[in-house]
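In case you want the letters, here they are:
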Amino acid sequence: MALKKRKHRTRTSFIHRRTPPGSVPGTLIADPDSPAPQYQLLQYGPDSYQFKDKAELPELIKSRGSFPVTWINVEGLGDVKGLRELGDAFHLHSLALEDVINVHQRPKLETYKDLIFVVARMPHPEALSATEQVAFFLGSNFLITFQEGTPGDAFEPVRRRLREDQGRVRGSSPAYLLYALLDALVDQYFPQLEYYADLLENIEDKIMALPNTPVNSELYMIRRHLLLMHRSIRPLQDVINGLMRETQHHFDEEVQWYLRDCYDHTTQLMDMLDTYKNLATHLMDMSVSAASNRMNEIMRFLTVMSSIFIPLTFIAGIYGMNFNPAVSVLNMPELNWAYGYPMSLLLMIFTVVGLLLFFRYKGWLGIPDTDHQNPGNPHFK
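What you see is a predicted model; the values in this text were computed from it and never measured.

Parameters at a glance
Residues numbered from 1 in each chain as written. Predicted model: local features only at pLDDT ≥ 70, side-chain atom pairs only at ≥ 80, totals over all residues. Heavy atoms only, no water. Helix = DSSP H or I, 4+ residues; strand = E, 2+ residues; numbered from the N terminus. Buried < 20%, exposed > 50% of the residue type's maximum accessible area, 1.4 Å probe, protein only. Contact = heavy atoms within 4.5 Å. Areas by Shrake-Rupley, 256 points an atom, 1.4 Å probe, with all protein chains shown as cover. Pairing = 2+ DSSP bridges. Salt bridge = Lys/Arg side-chain N within 4 Å of Asp/Glu carboxyl O. pLDDT = per-residue confidence, 0-100. Phe/Tyr/Trp six-rings, centres within 6.5 Å; stacked < 30°, edge-to-face > 60°. Lys NZ or Arg CZ within 6 Å of the ring centre and 35° of its normal. Patch = residues over 30% accessible without salt bridge, like charges linked within 9 Å, V, L, I, M, F, W, Y side chains within 5 Å. Lys, Arg positive; Asp, Glu negative; His and termini not counted. Charge placed at Lys NZ, Arg CZ, Asp CG, Glu CD. Axes fitted to C-alpha atoms, helices over the stretch in contact; angles between N-to-C directions. Parallel < 35°, antiparallel > 145°, perpendicular 65-115°, else oblique. Left-handed = near helix turned anticlockwise from the far one by under 90°. Nonpolar A, V, L, I, M, F, W, Y, C, P; charged D, E, K, R; others polar.

### Points about the overall build of the protein
- Secondary structure summary: the protein contains 10 helices and seven strands in total.
- Within the protein, buried positions represent 42% of all 381 residues.
- Nonlocal contacts in the protein, meaning residues at least 24 apart in sequence, comprise 66% of its contacts between residues at least 6 apart.
- Element-wise, carbon and sulfur atoms account for 57% of the exposed surface of the protein, whose accessible area totals about 20,800 Å².

Printed below as a string of C-alpha cells:
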C-alpha cells in the first residue's frame, strides 16, 4: 500500500492540556481547532441494516433496542453540548467523556458498571507518523466511537463488510464489532512499518555504496517516528490483553478467540518496531563511523603532505639564508658552485622519494609492506 505525505495536523509527543490545573473532574473543554462533529448512525442485525443521519439521532436513541446492534460513530469533538447530550442518553461517565475530549490519552481500558471504555490511537492510511485518538464505549447492544475529526480512518473495510454483509460482523454482537474495529486499526500500522522498512533498506544500500552520504537527519526522523508508534502500539497491546481477560461484560469465548489473533498482530508489530529501531540505530552508527573514517583519511593525507613539505621547507630555508660567501669560505660555499642549484633540487627529490618509501614501509599510505607486517607468515612471502 502506497503511503503519501499530505498536510495533516500531526499529534506530537508534546501534551497540550486545555483543562486548567485543579479543575473539577469531568470538566469538558473542547479544543478551539476541533471540527464540528459528524455523525454516522448504523443499526444492523443478521437480516437488517440501516444508515441514518444526525437528524435521526433522537429517534435512534429511543429505538436503539429494536436492532441487535447500534453503532454511532462521531467524527469531530468541537461540540461539548452535543457530547454531553449523547453521554446522558447512553449513561457515559463524565470522567470517560473528559478523556474523550482531551485527545492526548494513553491507550487504555476501563470499566464503568455495564460499559467498557477503550482508548486507542489510530494511524491514517495516507499520513506518515500521524495518529489520532479513538475512544470506544461498548454497551450491551451498542458501540459508540469518537474520533478527532481528521478526514479518513481505518474503519472503512468494516463499514464495507457491514454494507455488503460480508463475514460474520452483521450476525455478531457489539463486542465483535469492537474487535473488528480494533483489528482494522492494528492492521493499519503494518503498511506504515513496511514503508519505514523500505526506507531503512534503501538507506542501508546507500551507506554501503556511498559511505559518506549524509543520512543522519533522515535516520533520526525515522527513529523518532518509530518511537511515536511504539508509544501507541505498546499500551494498545495491554488493552487487547485486558479485553481477552474480560469475562464479566459482553465478551463470549468466541470473541476472545478473535481478540487473541488481534493480540498476536500487536506482538508482531512490536517485534517489527524493535527490529527497525535497532536497525535505524545501527545505520546511524555506520554513518557516523563512515564520516569518521573519511575524516581520518583526509587527516592522513594532509599529514603525509605536511610531512613531505616540512623537510623541503627546511632545505629551502637553509638556501634562503643571506650569508655572503665572499666574507668567509664557511659561508655557504655551494652558492658559488656551478651545480649548486641542481644539487638542491635533487636533494629535495630524494628526500620526497625517501619519505614516501618510508611511509609505505610503515603502512601509513594504506599499502602496507606485507613482508614487514607479517614476517612469520609464509603466505606473505
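### Observations concerning the environment of Ile-315
- Among the structural elements, Ile-315 can be located in helix 8 (residues 253-319).
- Setting aside anything within four residues of it in sequence, one finds Ile-315 in contact with Leu-347, Met-348 and Thr-351.

### Here we look at the pairing of strand 7 (residues 142-147)
- Extensive coverage of strand 7 is indicated by the burial of six of its six residues.
- The alternating pattern of strand 7 places Phe-142, Ile-144 and Phe-146 on one face and Leu-143, Thr-145 and Gln-147 on the opposite face, and all of these are buried.
- In terms of strand pairing, strand 3 (residues 69-75) meets strand 7 through six bridges, oriented parallel. If you follow Ile-72 over to strand 7, its bridge partner there is Ile-144.

### Examining the pattern of salt bridges
- This structure, assessed with the given rule, holds 11 salt bridges.
- Between Arg-168 and Glu-254 there is a salt bridge, with the nearest N and O atoms lying 2.5 Å from each other. With Arg-168 in the loop between helix 4 (156-164) and helix 5 (174-187) and Glu-254 in helix 8, this residue pair connects regions lying 86 residues apart in the sequence.
- Via salt bridges that share partners, Glu-75, Asp-153, Glu-156, Arg-159 and Arg-163 belong to a single interconnected network.

### Observations concerning the confidence of the model for the protein
- On average, residues of the protein score 83 in pLDDT, and 88% of them are at 70 or above.
- Here residues 1-13 is modelled with pLDDT under 50, and outside its nearest four sequence neighbours on either side it reaches 35 contacts, counting other chains as well.
- Residue range residues 372-381 is modelled with pLDDT below 50. Its contacts to residues more than four positions away, or to other chains, number nine contacts.

### Here's the deal with the packing of aromatic side chains
- Taken as a whole, this structure holds 11 aromatic pairs when the rule is applied.
- Ring geometry for Tyr-195 and Tyr-196: centres 5.9 Å apart, planes at 75 degrees, overall edge-to-face.
- For Tyr-196, a relative accessible area of 2% gives the class buried.
- A ring pair is formed by Trp-337 and Tyr-339, whose centres lie 5.9 Å apart and whose planes are at 75 degrees; its orientation type is edge-to-face.
- Using a relative accessible area of 55% as the deciding quantity, one classes Tyr-339 as exposed.
- Aromatic ring contacts, followed pair by pair, group Tyr-112, Phe-117, Phe-137 and Phe-146 into a single cluster.
- A cation sits over an aromatic face here: Arg-168 above Tyr-176, 5.2 Å from the ring centre.

### What about a nonpolar patch on the surface?
- On the surface, a cluster of nonpolar side chains totalling about 890 Å² of accessible area is made up of Trp-337, Tyr-339, Met-343, Leu-346, Ile-349, Phe-350, Val-353 and Leu-357.
- Within the secondary structure, Phe-350 is located in helix 9 (residues 340-362).

### Brief notes about a negative patch on the surface
- A cluster of acidic side chains, namely Glu-194, Asp-198, Glu-201 and Asp-205, defines a negative patch on the protein surface.
- Structurally, Asp-205 is set in helix 6 (residues 189-209).
- Asp-205 sits in the partly exposed class, given a relative accessible area of 45%.

### Comments concerning the packing of helix 5 against helix 8
- Close contact between helix 5 and helix 8 brings their axes to 10 Å; oriented N to C, the two are set at 15 degrees. Considered as vectors, helix 5 and helix 8 are oriented roughly parallel to each other. Seen along the crossing, helix 5 lies across helix 8 with a hand that is left-handed. Here Ala-175, Tyr-176, Tyr-179, Leu-182, Asp-183, Val-186 and Asp-187 of helix 5 come into contact with helix 8, specifically with Val-255, Tyr-258, Leu-259, Asp-261, Cys-262, His-265, Thr-266 and Leu-269.

### A word on the packing of helix 6 against helix 7 (residues 216-244)
- Put simply, helix 6 and helix 7 touch, their axes get as near as 11 Å, and they point 155 degrees apart. Considered as vectors, helix 6 and helix 7 are oriented roughly antiparallel to each other. As helix 6 packs across helix 7, the resulting crossing turns out to be left-handed. Counted together, Tyr-189, Gln-192, Leu-193, Tyr-196, Leu-199, Leu-200 and Ile-203 of helix 6 and Glu-218, Leu-219, Ile-222, His-225, Leu-226, Met-229, Ser-232 and Ile-233 of helix 7 form the full contact between these two elements.
- Residues belonging to the contact of helix 6 with helix 7 are distributed by class as follows: 11 nonpolar, three polar and one charged.

### So, the pairing of strand 2 (residues 48-52)
- Relative to strand 2, strand 1 (residues 38-45) runs antiparallel, the two being bridged by five bridges. Within the sheet, the bridge partner assigned to Leu-42 lies in strand 2 and is Phe-51.
- In this antiparallel pair of consecutive strands, strand 1 and strand 2, the connection spans two residues.

### Here we look at the side chain of Arg-170
- Here Arg-170 is to be found in the loop between helix 4 and helix 5.
- No salt bridge is formed by the buried Arg-170; the nearest opposite charge belongs to Asp-165, separated by 4.2 Å.
- Not counting residues up to four positions away in its chain, the partners in contact with Arg-170 are Tyr-44, Gly-45, Pro-46, Ser-48, Tyr-49, Arg-161, Leu-162, Arg-163 and Asp-165.

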